[in-house]
Amino acid sequence: MLIEQAAYGNRWRRVSPAAKGTLALGGLIAAFAAPTPAAALLVAVLLAGVACLGARVAPALYGRAAAPAIGFLALSGLTLLVAIDADFSWRWAPEAWPRVASLTARSLAALAALLGLVLTTPLPDLISLLRCLRCPELLLDLMVLCYRMLFVFSAALQDTATAQRARLGYASTRLTRRSLGLLAANLTLQVWQRAQGLHRAAQARNGNGALRLLSPEFAHARRDTAYAAFAGVLLILLARLAV
């Protein structure tokens with residue numbers, strides 16, 4: 001998975017998640033505080049630069065992770081430029097462009113802030129941070145289970161597809177359609193069975209409490225958080241003062 005690959009392989013892996021969360025929060029505030037689309041785009045570029053140059057996230061990996069969200073934003077912006085008149089006729093609405101540009105630019109800045117957090121922080125560290133922030137335990141347990149099931153699903157998908165390719169299951173168009181149907185049916189059954197297995201294993205261990213994860217110790221956590229807060233404040237001021 002792209003996000004996990006970046007989260008465990010970047011230079012800020014051992015930086016406190018509180019510091020990275022503080023910087024992301026500053027980026028979100030700067031995104032909404034930017035008075036113009038140009039200022040919001042500047043915030044997005046700075047946050048992306050911090051992730052790629054500071055945390056050493058590969059630019060290609062960063063682009064692949066951001067591409068789906070950017071495509072969604074582009075499609076949403078185009079739909080906002082379409083107006084429906086009283087007679088239900090469709091037309092382009094160029095008068096809406098300033099508002100659409102501001103909304104899209106701020107969304108890009110907010111996306112860059114969140115990507116900087118998730119691409120540098122593994123999910124177990126994020127869950128530990130949310131637990132420190134008194135997030136409901138039920139929500140955290142659901143996050144842990146969904147995180148686990150993603151890897152179960154990925155492993156089942158790779159194993160089944162490899163077995164099908166070894167039997168020339170994708171040698172022709174007809175075989176490809178048949179193999180994809182069998183793959184979907186097999187994955188549904190496998191994931192259901194493995195989820196039931198996890199549930200029974202938790203019940204066998206009297207698993208009626210919160211799901212706890214070991215969180216590593218982060219050296220210089222307070223210092224890093226202070227630096228991140230200072231950088232966030234500078235980013236907010238830059239966004240407000242940019243023209």
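Residues numbered from 1 in each chain as written. Predicted model: local features only at pLDDT ≥ 70, side-chain atom pairs only at ≥ 80, totals over all residues. Heavy atoms only, no water.

The next thing to look at is the overall build of the protein. When helices and strands are tallied, the protein shows nine helices and two strands. Each helix and strand of the protein, placed in order from N terminus to C terminus, yields the pattern α-α-α-α-β-β-α-α-α-α-α. In terms of C-alpha radius of gyration, the protein reaches 23 Å, well past the compact-globule figure of 18 Å for 243 residues. Considering only C-alpha atoms, the protein reaches an extent of 60 × 60 × 35 Å along its principal axes. Expressed as a percentage of the 243 residues in the protein, the buried residues total 36%. Long-range pairs, those at least 24 residues apart, make up 74% of the contacts in the protein with a sequence separation of at least 6. With the model as given, the accessible surface of the protein reaches about 15,300 Å², and the carbon-plus-sulfur share is 69%. Positive and negative charge centroids in the protein, built from 24 and 10 side chains respectively, lie 9 Å apart. (Helix = DSSP H or I, 4+ residues; strand = E, 2+ residues; numbered from the N terminus. Rg over C-alpha atoms; globule rule 2.2 N^0.38 Å. Buried < 20%, exposed > 50% of the residue type's maximum accessible area, 1.4 Å probe, protein only. Contact = heavy atoms within 4.5 Å. Areas by Shrake-Rupley, 256 points an atom, 1.4 Å probe, with all protein chains shown as cover. Lys, Arg positive; Asp, Glu negative; His and termini not counted. Charge placed at Lys NZ, Arg CZ, Asp CG, Glu CD.)

Across soluble globular proteins, nonpolar side chains show a tendency to be buried alongside one another. Val43, Leu47, Val57, Tyr62, Leu115 and Leu119 are the most contacted members of the largest nonpolar core, which totals 29 residues. A total of eight residues in this core trace back to one element, the largest contributor, which is helix α3 (residues 37-54). Counting residues in each nonpolar core, the second largest holds nine residues, with Leu117, Leu140, Val144 and Tyr147 among its members. (Core = buried A, V, L, I, M, F, W, Y, C linked by side-chain atoms within 4.5 Å.)

Our focus in this paragraph is helix α6 (residues 123-132). Counting buried residues along α6, eight of its ten residues qualify, which places the element largely inside the surrounding structure. Against α1 (2-9), α2 (17-33), α5 (97-118) and α7 (137-166) lie the buried residues of α6. With its phi angle positive at about 65 degrees, arginine 134 sits one or two positions after the end of α6.

Looking now at the pattern of salt bridges. Side chains that differ in charge, positive against negative, can pair when their charged atoms come close. Within this structure, the stated rule accounts for four salt bridges. Here arginine 13 makes a salt bridge to aspartate 125, at a shortest N to O gap of 3.0 Å. A residue pair is termed long-range when its members are at least 10 positions apart, and arginine 13 in the loop between α1 and α2 and aspartate 125 in helix α6 qualify at 112 residues. Both residues of the pair, arginine 13 and aspartate 125, count as buried. Two residues, arginine 223 and aspartate 224, come together in a salt bridge whose shortest N-O distance is 3.4 Å. (Salt bridge = Lys/Arg side-chain N within 4 Å of Asp/Glu carboxyl O.)

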